[in-house]
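# Overview (structure and organization)
The chain contents come next:
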Amino acid sequence: SAKNAGKNQYHFYKKKMTSEIFEKILMKQQISEALRNNEFEVYYQPQIDIKTNKIIAAEALLRWNHKSLGIISPSEFIPHAEETKLIIPLGDFVLKTATTFMKKLQEENLLIDGIIAVNISTIQLKHSDIFKTVLNNLEISQLDAKFLEVELTETFIMENVEESKKILKNLKKLGIKLSIDDFGTGYSSLSYLKQFPIDKLKIDKSFIDEIPNSSKDIAITRTIITLAKQLGIKVIAEGVEKIEQKDFLELENCDEIQGWIYSKALKEEEFIKFIQNFK
Ligand code: C2E
Ligand code: MG
Ligand code: MG
Ligand code: MG
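Residues numbered from 1 in each chain as written. Chains lettered and ligands numbered in written order. Predicted model: local features only at pLDDT ≥ 70, side-chain atom pairs only at ≥ 80, totals over all residues. Heavy atoms only, no water.

In the annotation of an unreviewed UniProt entry, the entry for the chain reads Multi-sensor domain-containing diguanylate cyclase/phosphodiesterase, and the organism field reads Arcobacter venerupis.

## A closer look at the packing of aromatic side chains
Under the counting rule described, the total for this entry stands at nine aromatic pairs. Judged by centre distance (6.1 Å) and plane angle (50°), the ring pair of Tyr 44 and Phe 271 falls under tilted. Of this pair, Tyr 44 sits in strand 1 (residues 40-49) while Phe 271 sits in helix 12 (residues 268-277), and the two are 227 residues apart along the sequence. Classification of Tyr 44 by relative accessible area gives buried; the value is 0%. Here Trp 64 and Phe 77 contribute two aromatic rings whose centre-to-centre distance is 5.7 Å and whose plane-to-plane angle is 85°, an arrangement assigned as edge-to-face. Placement of Trp 64 in strand 2 (residues 54-66) and of Phe 77 in helix 2 (residues 74-83) is noted, with a sequence separation of 13 residues between them. (Phe/Tyr/Trp six-rings, centres within 6.5 Å; stacked < 30°, edge-to-face > 60°. Helix = DSSP H or I, 4+ residues; strand = E, 2+ residues; numbered from the N terminus. Buried < 20%, exposed > 50% of the residue type's maximum accessible area, 1.4 Å probe, protein only.)

## Quick word on the coordination of the magnesium ion (ligand 2)
Taken together, the protein ligands of the magnesium ion (ligand 2) are Glu 59 (OE), Asn 119 (OD1), Glu 151 (OE) and Asp 181 (OD), with distances of 2.0 to 2.2 Å. Sequence spacing among the residues donating to the magnesium ion (ligand 2) works out to E-x59-N-x31-E-x29-D. Taken as a pair, the magnesium ion (ligand 2) and the magnesium ion (ligand 3) show a spacing of 4.2 Å, with Asp 181 coordinating each metal. Residue Glu 151 is found in strand 5 (residues 148-153), and its partner Asp 181 is found in strand 6 (residues 177-183); the two are separated by 30 residues along the sequence. The pair Glu 151 / Asp 181 is uniform in exposure class, with both members buried. (Donors = N, O, S within 2.8 Å, 3.2 Å for Na, K, Ca; no water.)

## Quick look at the environment of Glu 269
Turning to its location among the elements, Glu 269 is positioned in helix 12. Classification of Glu 269 as partly exposed rests on a relative accessible area of 48%. Taking the C-alpha atoms as reference, Glu 269 lies 19 Å from Val 118; in sequence the two are 151 residues apart.

Here's what the structure looks like:
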């Protein structure tokens, strides 16, 4: 009967909820344990200036080197880290590690004036004092603020316009740079670009993938580059894998490239080797 079906559904729902909560508790335990055991590692992916063909920056990308499962990618654990708010201590760890590494690269003349780009989660912006965290890590690492770039998503800005305006203005006062990650893929309106002190747009990989075969992706990418130029800010293309894509971006006057065509994200030692062997 309908009544029984409803009852079964309730049981199913309750069971599902219980297992979800259980899973959440397990994930929380696993992530905090991994943090204590130093299982998280920061990898670095180079960003290349197209005109000068120089490595000018690196994006810090988090990896979980799990004791039994091996390397776990951020798309697997970041959502859980966000849900449990453990992204706050994790993000603090990334900022500390990445700014310290860039300071070392600068001091050892491996990457003079190199910039380190760090992804910041909406949870960090909404539920922690990101200003204090950034300031603290710049103090610890002794990296000049102008060499730190913070990557944000459109979604955070759009969902918290007034709040994020204050946060981002304060961060900018420190002298750091702000970039919009995955530009064009979020729920957004272009009006925030005139209200916020943005320094760079990152063209999402999904727009680059089908270049030069997709005339739509060509149009979108070209338009984002033009938009950045008109606004007087920088533009970088993410996920560049093929020479045809690089050639197109060069022709369109895109400023920078990040992608496997140069390198995947690398461990510290390998990133240093990459710098030493580059051109
Ligand atoms: P994202 O910030 O957009 O980072 C770019 C992603 O594209 C990285 O994936 C990078 O490895 C990948 N990628 C770059 N070039 C290529 C390419 O040529 N081909 C392909 N197939 N992939 C390429 P990754 O490292 O798996 O990170 C995924 C996402 O996880 C990041 O996307 C970012 O949203 C998030 N994430 C990573 N590290 C952190 C972190 O420390 N904090 C936070 N909050 N999020 C992070
Ligand atoms: Mg990013
Ligand atoms: Mg991106
Ligand atoms: Mg992304």
